[in-house]
Amino acid sequence: MVWTSRVCFRKYGNFVDNIRLYVKGGSGGMGLPRLGGHGGNGGDVWVVAKKGVTLKQIKDKHPNKRFTAGVGSNSSIYALKGAQGEDAQVFAPTGICVTTDDGRFLGELNCEEDRLQVARGGQGGTLHSGFLPSKGQTRHIRLDLKLIADLGLVGFPNAGKSSLLTALSHAKPRIASYPFTTLRPEIGRIMYDDHKQVSLADLPGLIEGAHENKGMGHKFLKHVERTKQLMFVVDICGFQLASNTPFRSAFETVLLLTKELELYKEELLAKPAILVINKMDLPEAQGKLRELHNQLENQEESSHYLPEDMTPRGLMHFTNVVPVSATTGLGLPVLKTLIRQSLEEQNTIETESQRSVRLLKLRREIPTPVIPSWGHPV
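The sections below set out a description of the structure shown in this document. The model shown is predicted, which means the values in this text are computed figures rather than measured ones.

**Side note on the environment of leucine 269**
Relative to the helices and strands, leucine 269 is located in the loop between helix H5 (250-264) and strand E13 (273-278). Its relative accessible area of 15% is what places leucine 269 among the buried residues. When the C-alpha positions of leucine 269 and leucine 315 are compared, they lie 7.9 Å apart, and in sequence the two are 46 residues distant. Excluding residues within four positions of it along the chain, leucine 269 makes contact with Thr258, Leu261, Glu262, Gly314 and Met316.

Quick look at the structure:
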């Protein structure tokens, strides 16, 4: 068991999904009292989203993790208005959440070329400040990567998520018959005949207690937040992490996965979700599938037989339940069709919602015409 945890740590360490940086805005330049000159403002520090950049590259290229903007120029007889200091830029991948050391949210970078100011430069010296400049803003910030994908694969270790990702897309994640083969997030893309693409994120396997940061805990769960939909992947024959841990049936697995998401962030249960029942090529799979369907149709009644700490307060409502075999390809064409259909339905709903919001906002902005009272009988 000790050996497994060491391997996980070493392998996962090659993938950096958060980093802490020191940023400092440039100080302003001195004003020139004799001629009333203004010193230049100090430069700002910006985080800029750029394609092809990783947090590991930032860590390797800037081992001291310090970014300081340029100092503003002093006012002089040759230039009464001092030049502004040069801005410093931190190039980062898209899907970045930026917070301060105390957890205050500064912003997100979701699209390429998005920019976020993280440290302001100081003001140059002027008459109002006695021609003395101010220092630039200094702080520690955290860059936290949360993958952006259409679907996030949710499942306990060895449920077959990596095999499913390989079968559905061109990704080549590590696959083996032991738990925790996915040690870092993997992104694959489903390609359709009309060139439509859907991105899938295979995320490190959950374990019971992940909401308390056990196993890979928050390293996994934070990535789920940024996916449009969830895809639960469950082994039809159930799951047991180790010989000293309890065996969980397929239905219990669904409830435990729901419970972990709920305890981490309850809003995740509002995401549209597909339930994929994997390993349908195994013996007795059909009988177990019928039993699972009955339990899912009567979730509230079936969940009463489970311990209270296993039962989520809210139940997951799946748009589709799809039996598949990632090994033989059984059910995969149907799954691909349903994935696209579910995403298109969600896009239609969101588009209509956005249109309604814009229309309501427009109506509020257009002033109501005032009808003059003159000429009307009192």
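**Focus: the layout of surface pockets**
Reported here for the second largest pocket is a volume of approximately 620 Å³. The wall of the second largest pocket is formed by 21 residues, among which Pro93, Thr94, Leu145, Leu147 and Ile148 lie closest to the centre.

**Observations regarding the pairing of E13**
Counting buried residues in E13 gives 6 out of 6 residues, a clear majority hidden from the surface. Side chains Ala273, Leu275 and Ile277 project from E13 onto one buried face, and the interleaved Ile274, Val276 and Asn278 project onto a second face that is buried too. Sheet topology places strand E12 (residues 227-235) next to E13; 6 bridges connect them, and they run parallel. By the bridge assignment, phenylalanine 232 is partnered in E13 with leucine 275. One ladder, built from 5 bridges, connects E13 with strand E14 (residues 318-323); its direction is parallel. The residue of E14 that forms the bridge with alanine 273 is phenylalanine 318.

**A few points about the pattern of salt bridges**
Here the structure, examined in full by the defined rule, presents 10 salt bridges. Measuring nitrogen to oxygen at the nearest pair gives 3.2 Å for the salt bridge that ties lysine 279 to aspartate 235. Placement of the pair is lysine 279 in the loop between E13 and helix H6 (285-297) and aspartate 235 in strand E12, with a sequence separation of 44 residues. Across the pair lysine 259 and glutamate 262 runs a salt bridge, and its minimum N-O distance is 4.0 Å. Of the two residues, lysine 259 and glutamate 262 both sit in helix H5, 3 residues apart, roughly one turn of that helix. Residue classification places lysine 259 among the buried positions, given a relative accessible area of 11%. By relative accessible area, which is 3% here, glutamate 262 ends up buried. The structure contains a network of salt bridges with shared partners spanning Arg20, Asp101 and Arg142.

Reading the values: the criteria
- Residues numbered from 1 in each chain as written.
- Predicted model: local features only at pLDDT ≥ 70, side-chain atom pairs only at ≥ 80, totals over all residues.
- Heavy atoms only, no water.
- Helix = DSSP H or I, 4+ residues; strand = E, 2+ residues; numbered from the N terminus.
- Buried < 20%, exposed > 50% of the residue type's maximum accessible area, 1.4 Å probe, protein only.
- Contact = heavy atoms within 4.5 Å.
- 1 Å grid on protein atoms, 1.4 Å probe; cavity = no way out; pocket = protein on both sides within 12 Å on 5 of 7 lines; lining within 4 Å.
- Points joined across faces, edges and corners; volume = space filled by probe spheres on them.
- Pairing = 2+ DSSP bridges.
- Salt bridge = Lys/Arg side-chain N within 4 Å of Asp/Glu carboxyl O.

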